[in-house]
Amino acid sequence: MKLSERIVRMAPSATTAMAAKAKELKDQGRPVVSFTTGEPDFNSPKAARDYAVRAMDEGQTHYTVNAGMKELRQAAADYYERHFGLRYGVNEVITGTGAKQLLYEAMGCLVNPGDEVILFAPAWVSYFEQVRLFDGVPVIQDTQATGCIPDPQQFEKLITDKTVAVVLNNPNNPTGMVYPHDVLEKITRIALKHGITLINDEIYERLVYGVSFTPHLLQLVPEARDFVLNINGVSKSFAMTGWRLGYALGPEKLIKAMTSMQGHITSNTSSISQWAAMGALKESEEDVERMRKVFEQRRALVLRLLADIPGLSVLEPSGAFYVFMDLSAFLGEGKKWATDVDFCEAILKEKALGLVPGTAFLSPGHVRLSYSCSEEQIVEGVRRLKEFLA
Ligand code: PMP
Ligand code: GLU
């Protein structure tokens, strides 16, 4: 069988692949500590579970309209009004099978072959491949020299007549950076000036520590509304990864196009998940804050422990649940490990510790640690890391 060129050149998702490898080892009986996937270890909020059970009992087990139930789209719009003072109508909202699907659909609706999409590296693993799946060209702006915060001037220089979109991910996966408001404002103004779509992935917007996520970039630049697609979902802040429920809010033209595309892919996401998300968005505020506080404590713990490892350079995060570490002092020719990929494979094999290589995020020489696991696991995992590096 001959596979398409498109799929042959695609690299599989390294985050999910590393998580699967860690799990395989665990199934073999090894005492694995996995810092791989960004997945909260909490159970989903009670309201979400209750809504889902009620929906099943009441026979809400049929297809819904492709964009998702009107009540849920309204709940997402209400959430944006409550938190950011932004008003969206139900026709400007789509729900789908995770934010991942909505990002994919957005690329499908915006990118023609050869079109360019600007990504800020380090960048979450799937953006690059999603652009290429539509024969688009990812154009990478490396932000490491500016502390993993995009430089607006450099961004503007990368825009060509082929640029159709830019992906902003704030708070950022894998760095945990929360972008300053002046940077957000400048980038939004530049996107607007050049008429390119800003895909604003803010799935970690509730998970910030000691800084404020608000004002929203559309509160800073309201006139950019027709060029911004907000991507969000219940996976991270509400600990609902398995339900596969993401939502997006943006200009009706784009939402309508994404809805048509979704009609040929999954139709709607699971009706039960839609009900669960309604419970989450309407009645789970306290759960979100409770979990955020736990992440805040874990963040402090992991940073304290990592600071004790000689030679390790850690970028202090203020959002999400990741720490991105520079391992370049330990890698290279003549050293024990040539690359971050070799390092991650070796530490998984020898110490049963799962980490994700920076290469997956377009930043070789680094590793990402996800602290969305228990304090005991954090302590044990960092102990193994320290021992391995020593
Ligand atoms: N965007 C970012 C930055 C993420 O880290 C994730 C994590 N999977 C997603 C989107 C997709 O989330 P989901 O599909 O679970 O909603
Ligand atoms: N977004 C999470 C991560 O980066 C989950 C895995 C994925 O969807 O890539 O680990």
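Coordinates for the structure precede this section.
Structure report, in brief. (Residues numbered from 1 in each chain as written. Chains lettered and ligands numbered in written order. Predicted model: local features only at pLDDT ≥ 70, side-chain atom pairs only at ≥ 80, totals over all residues. Heavy atoms only, no water.)

Regarding the site of ligand 1
If you check the shell around ligand 1, you find 14 residues, and the closest are Ala-99, Asn-173, Asp-201, Tyr-204 and Ser-235. One of the side-chain N or O atoms of Asp-201 is found 2.6 Å from a nitrogen atom in ligand 1. In the environment of ligand 1, an oxygen atom lies 2.6 Å from a nitrogen or oxygen atom belonging to the side chain of Tyr-204. For ligand 1, the accessible surface in isolation is 400 Å², of which the surrounding protein chains cover 93%. When residues in the shell around ligand 1 are grouped by element, the largest group, four residues, is from helix 5 (residues 98–110). (Near = heavy atom within 4 Å. Polar contact = N/O pair within 3.5 Å; in protein donor to acceptor, adjacent residues only side chain to side chain. Areas by Shrake-Rupley, 256 points an atom, 1.4 Å probe, with all protein chains shown as cover. Helix = DSSP H or I, 4+ residues; strand = E, 2+ residues; numbered from the N terminus.)

Overview of the sheet that holds strand 9 (residues 313–315)
Strand order in the open sheet formed by four strands is 9-10-13-12, and the pairing between neighbours is antiparallel. Looking along the sheet, the strands with just one partner apiece sit at the ends: strand 9 and strand 12 (356–357). Alignment of strand 10 (residues 322–326) against strand 13 (residues 366–370), held across five bridges, turns out to be antiparallel. Bridged to Val-323 within strand 13 is Leu-369. Each of strand 9, strand 10 and strand 13 touches helix 12 (residues 285–306); the most contacted strand, strand 10, lies at about 15° to it. (Pairing = 2+ DSSP bridges. Contact = heavy atoms within 4.5 Å. Axes fitted to C-alpha atoms, helices over the stretch in contact; angles between N-to-C directions.)

Quick notes on helix 8 (residues 181–194)
If you check helix 8, its first and last C-alpha atoms are 20 Å apart, about what 14 residues at 1.5 Å a residue would give, namely 20 Å. All of the buried residues in helix 8 are Val-183, Leu-184, Ile-187, Thr-188, Ile-190 and Ala-191. On an axial view of helix 8, the arc spanned by its buried residues comes to 160°, and they lie on one face. Along its buried surface, helix 8 packs onto strand 3 (116–121), helix 7 (152–158), strand 5 (163–169), strand 6 (197–201) and helix 9 (217–220). Count one or two residues on from helix 8 and you reach Gly-195, which has phi positive near 65°. (Expected span 1.5 Å × (residues − 1). Buried < 20%, exposed > 50% of the residue type's maximum accessible area, 1.4 Å probe, protein only. Arc of directions from axis to C-beta.)

Some thoughts on the pairing of strand 7 (residues 228–233)
On a regular strand, each side chain points to the face opposite its neighbour's, so the side chains alternate between the two faces of the sheet. By the criterion of burial, strand 7 is predominantly enclosed, with six of the six residues buried. Of the two faces of strand 7, the one carrying Val-228, Asn-230 and Asn-232 and the one carrying Leu-229, Ile-231 and Gly-233 are both buried. Both strand 6 and strand 7 contribute to a ladder of four bridges, which runs parallel. If you follow Asn-200 over to strand 7, its bridge partner there is Asn-230. Two elements, strand 7 and strand 8 (residues 246–249), share four bridges in a ladder whose sense is antiparallel. Opposite Asn-230, over in strand 8, you have Leu-249 as the bridge partner.

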